Amino acid sequence: MTTMQQPPPPPSEPPHGHGPGNGHGHGSRGGQGYGSGDGNGPGDGRGQGPFSGGGHGHSHSHSHGPAAPVSQHLRKVIAAVLIPFATAVLVGLVVLWPGGAPSHERTGVGFDRQTQSATVTKVEEVDCASVNASGVPPTGDTSTAEGSSAQQQAKGTCKKATVRVDTGKDKGRTFTEIVQPDQSRQLKQGQGVVVAYEPAAPKDLQYSVTDVNREFPMALLAGIFALAVVVVGRMRGVMALVALAVSFLVLTFFILPAILQGSNPLVVAVVGASAIMLIALYMCHGLSARTSVAVIGTLISLLLIGLLGSVFIDWAALTGNTDDNTGLIHGLYPEIDMSGLLLAGIIIGSLGVLDDVTVTQTSAVWELHEANPAMGWRGLYRAGIRIGRDHIASVVNTLVLAYAGAALPLLLLFSIAQSSVGTVANSELVAEEIVRTLVGSIGLVASVPVTTALAALVVSADRSGTPATATATATAAATAAATAAPARGGRGRRRKR
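This one's a predicted model, so the numbers in the text were calculated from it and none came from an experiment. (Residues numbered from 1 in each chain as written. Predicted model: local features only at pLDDT ≥ 70, side-chain atom pairs only at ≥ 80, totals over all residues. Heavy atoms only, no water.)

## Examining the overall build of the chain
Line of reasoning, step 1. For the chain, the helix and strand inventory stands at twelve helices and ten strands.
Line of reasoning, step 2. Considering the chain as a whole, with its 497 residues, one finds that 35% of them fall into the buried category.
Line of reasoning, step 3. The contacts in the chain between residues at least 6 apart in sequence include a share of 65% that link residues at least 24 apart.
Line of reasoning, step 4. In the form shown here, the chain has an accessible surface area of approximately 28600 Å², with 61% of it arising from carbon and sulfur atoms. (Helix = DSSP H or I, 4+ residues; strand = E, 2+ residues; numbered from the N terminus. Buried < 20%, exposed > 50% of the residue type's maximum accessible area, 1.4 Å probe, protein only. Contact = heavy atoms within 4.5 Å. Areas by Shrake-Rupley, 256 points an atom, 1.4 Å probe, with all protein chains shown as cover.)

Structure below.
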């Protein structure tokens, strides 16, 4: 008796899994998919073979999570680059560590004044003439800003504020502050203020109001920011906040004191920025080849920014001493190289945006490879650079607008003076911002192709599994997806042909 052999099922019919959501589907290659709905159907989860069974609806696979690690050989190559760099940064931190800011005797000028917290306890309106707050300009000309202000004071009503010192050795002591009618900051009863103390002045004039106490609103805003980061970013957001705190610690306890003690500002900025980069990137994004590529791309871009900044600051003869703050620093610490301080500021200011660009480009290339493992490094680079062009356009515009916004009062003064564009750009105040913006932007633009090329080479050149296997797997998976029958509710049934 002849036994009839049943023909195999046609390839267009996919295997079916059984069981309600989260049940295992069994494919011809032994893959597993997890379905979150009921019934049977060709799940879209990935298994170890190209065909994976799963429950109907949204499905997940075992392949979720970080990208597969690169090979042992390539990890050794990356380590050979980064370990000496990290060692050099560590040595630089040890050698340049300042041990605290140097002490000096306060001058009582600008920020170098003793300050205390105080509260406005009483405010009353008085005639400006009665408190000797008005005056006539020596020339008698009221058309000038000085004369107009004096005229307003002569005819206006001043405020007499009683202020109580809340901290320091004179806690509880009160003094009187006269507020002019045209003064931008008007005091209110119950308002917290900051007062300056000058011990050499007469007793009645030792204290004066210098600013408003903004500690509570600033702390509240910081709390809202931290809460938003944690709620949206979850654990990654927590690590970002920790990295932010570490960055401020490095800035406060290393970079600033080391510069004040006379170390080269450029060397201090490079070492400090490198330490911040290593800690922040690995803490936020994990110790992986993906993060290491972003670190290398950031390092190359920082070196380019440092080189360009050094050349053009020297070529444009920028001193870095352009306002009251830098003048005070130069007066207190004449040994500080102010042009080097300007370059250090450019490097540190560019670091935050560089991290964003390099991490985004690296992640984009990694995800493109996960979506299409058969894509070579040239295809990955072309796709990644298309993403990078959009990023460049937005980031450069952000930098320019940020610097323009910070210098808006200065630009307004030039506009009032009806100065030409060339005159404005040639002034050292504006030239510093131009150099700062353009050098940082060139570094950002260069970081996109550099990081994209590095990521494409790393992710495609030496991963576990051969390219032929990856291509065959991708082809089989595409065939399965194209020929799979639509899922149905309830028990899976093989359609009759």
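## Observations concerning the pairing of strand S7 (residues 157-165)
In summary, the side chains of a regular strand alternate between the two faces of the sheet.
Line of reasoning, step 1. Two elements, strand S6 (residues 114-127) and S7, share nine bridges in a ladder whose sense is antiparallel. Bridge pairing in S7 places Val123 opposite Ala161.
Line of reasoning, step 2. Note that S7 and strand S8 (residues 174-179) share six bridges and pair antiparallel. In the strand pairing of S8, Arg164 is matched with Thr174. (Pairing = 2+ DSSP bridges.)

## Details of the packing of aromatic side chains
Line of reasoning, step 1. Taken as a whole and judged by the stated rule, the model has four aromatic pairs.
Line of reasoning, step 2. Each ring, one from Phe175 and one from Tyr207, has its centre 5.9 Å from the other, and the planes form 20°; the classification is stacked. A residue pair is termed long-range when its members are at least 10 positions apart, and Phe175 in strand S8 and Tyr207 in strand S10 (residues 207-212) qualify at 32 residues. Exposure class is identical for Phe175 and Tyr207. Each is buried.
Line of reasoning, step 3. Chaining the aromatic ring pairs together yields one cluster made of Phe175, Tyr197 and Tyr207. (Phe/Tyr/Trp six-rings, centres within 6.5 Å; stacked < 30°, edge-to-face > 60°.)

## Some words on the nonpolar core
Among soluble globular proteins, nonpolar side chains are generally buried collectively.
Line of reasoning, step 1. Formed by 59 residues in total, the largest nonpolar core has its most connected members in Phe254, Ile255, Val268, Met277, Val295, Ile313 and Trp366.
Line of reasoning, step 2. If you list the elements that add at least two residues to this core, you get helix H1 (72-96), helix H3 (215-260), helix H4 (265-285), helix H5 (289-315), helix H7 (338-371), helix H8 (377-406) and helix H11 (428-461).
Line of reasoning, step 3. Leaving out residues up to four positions away in the same chain, Met277 has contacts with Phe85, Val295, Thr298, Leu299, Leu302, Leu351 and Asp355.
Line of reasoning, step 4. The next biggest cluster of nonpolar side chains, apart from the first, holds 13 residues, and it includes Ala118, Leu187, Val193 and Tyr197. (Core = buried A, V, L, I, M, F, W, Y, C linked by side-chain atoms within 4.5 Å.)

## A short note on the side chain of Thr298
Line of reasoning, step 1. By the secondary structure assignment, Thr298 is in helix H5.
Line of reasoning, step 2. The exposure class assigned to Thr298 is buried, which follows from its relative accessible area of 0%.
Line of reasoning, step 3. Only 2.7 Å separates the side chain of Thr298 from the backbone oxygen of Ala294, close enough to count as a polar contact.
Line of reasoning, step 4. Discounting chain neighbours no more than four positions away, the residues touching Thr298 are Met277, Leu281, Leu351, Leu354, Asp355 and Thr358. (Polar contact = N/O pair within 3.5 Å; in protein donor to acceptor, adjacent residues only side chain to side chain.)

## Brief notes about the sheet that holds S7
Line of reasoning, step 1. Strand order in the open sheet made by the five strands is S8-S7-S6-S9-S10, with antiparallel pairing throughout. The open sheet has two edge strands with one neighbour each: S8 and S10. Going from strand to strand, the sheet's axes swing by 45° on average, the running direction of each strand aside.
Line of reasoning, step 2. Judged from the six bridges that link them, S6 and strand S9 (residues 192-197) form a sheet pairing that is antiparallel. Across the sheet, residue Ser117 finds its bridge partner in S9, namely Val194. (Axes fitted to C-alpha atoms, helices over the stretch in contact; angles between N-to-C directions.)

## Observations regarding H7
Line of reasoning, step 1. Along its 34 residues, H7 runs 50 Å from first to last C-alpha, staying within 8% of the 50 Å computed at 1.5 Å per residue.
Line of reasoning, step 2. Of all the bends in H7, the greatest measures close to 35° and is centred on Leu351. (Expected span 1.5 Å × (residues − 1). Bend = angle between axes of the 7 residues up to and from the residue.)

## With respect to the environment of Glu370
Line of reasoning, step 1. Its location among the elements puts Glu370 in helix H7.
Line of reasoning, step 2. When the C-alpha positions of Glu370 and Val459 are compared, they lie 9.5 Å apart, and in sequence the two are 89 residues distant.

## Considerations on empty space enclosed by the protein
Line of reasoning, step 1. Evaluated as defined, the whole model comprises two cavities of 30 Å³ or more.
Line of reasoning, step 2. What the second largest cavity holds in volume is close to 30 Å³.
Line of reasoning, step 3. Lining the second largest cavity are Val357, His391, Ile392, Val395, Val396, Leu444, Val445 and Val448.
Line of reasoning, step 4. Taken together, the elements giving at least two residues each to the lining of the second largest cavity come down to H8 and H11.
Line of reasoning, step 5. In terms of residue count, H8 provides more of the lining of the second largest cavity than any other element does, four residues in total. (1 Å grid on protein atoms, 1.4 Å probe; cavity = no way out; pocket = protein on both sides within 12 Å on 5 of 7 lines; lining within 4 Å. Points joined across faces, edges and corners; volume = space filled by probe spheres on them.)

## Points about the pattern of salt bridges
Line of reasoning, step 1. Evaluated as defined, the whole model comprises six salt bridges.
Line of reasoning, step 2. Note that Asp166 is salt-bridged to Arg164, the shortest N-O span being 3.0 Å.
Line of reasoning, step 3. When its relative accessible area of 22% is taken as the criterion, Asp166 is described as partly exposed.
Line of reasoning, step 4. With a relative accessible area of 32%, Arg164 lands in the partly exposed category.
Line of reasoning, step 5. The salt bridge involving Glu367 is made with Arg290; its shortest N-O contact spans 3.9 Å. (Salt bridge = Lys/Arg side-chain N within 4 Å of Asp/Glu carboxyl O.)

## Here we look at the layout of surface pockets
The gaps left among the atoms become clear once a water-sized probe is rolled over them.
Line of reasoning, step 1. Space inside the second largest pocket adds up to approximately 680 Å³.
Line of reasoning, step 2. What lines the second largest pocket is a set of 27 residues, among which Thr326, Leu341, Leu342, Gly345 and Arg436 lie closest to the centre.
Line of reasoning, step 3. The biggest single contributor to the lining of the second largest pocket is H7, with seven residues.
Line of reasoning, step 4. When grouped by side-chain class, the residues that make up the lining of the second largest pocket number 18 nonpolar, five polar and four charged. (Nonpolar A, V, L, I, M, F, W, Y, C, P; charged D, E, K, R; others polar.)

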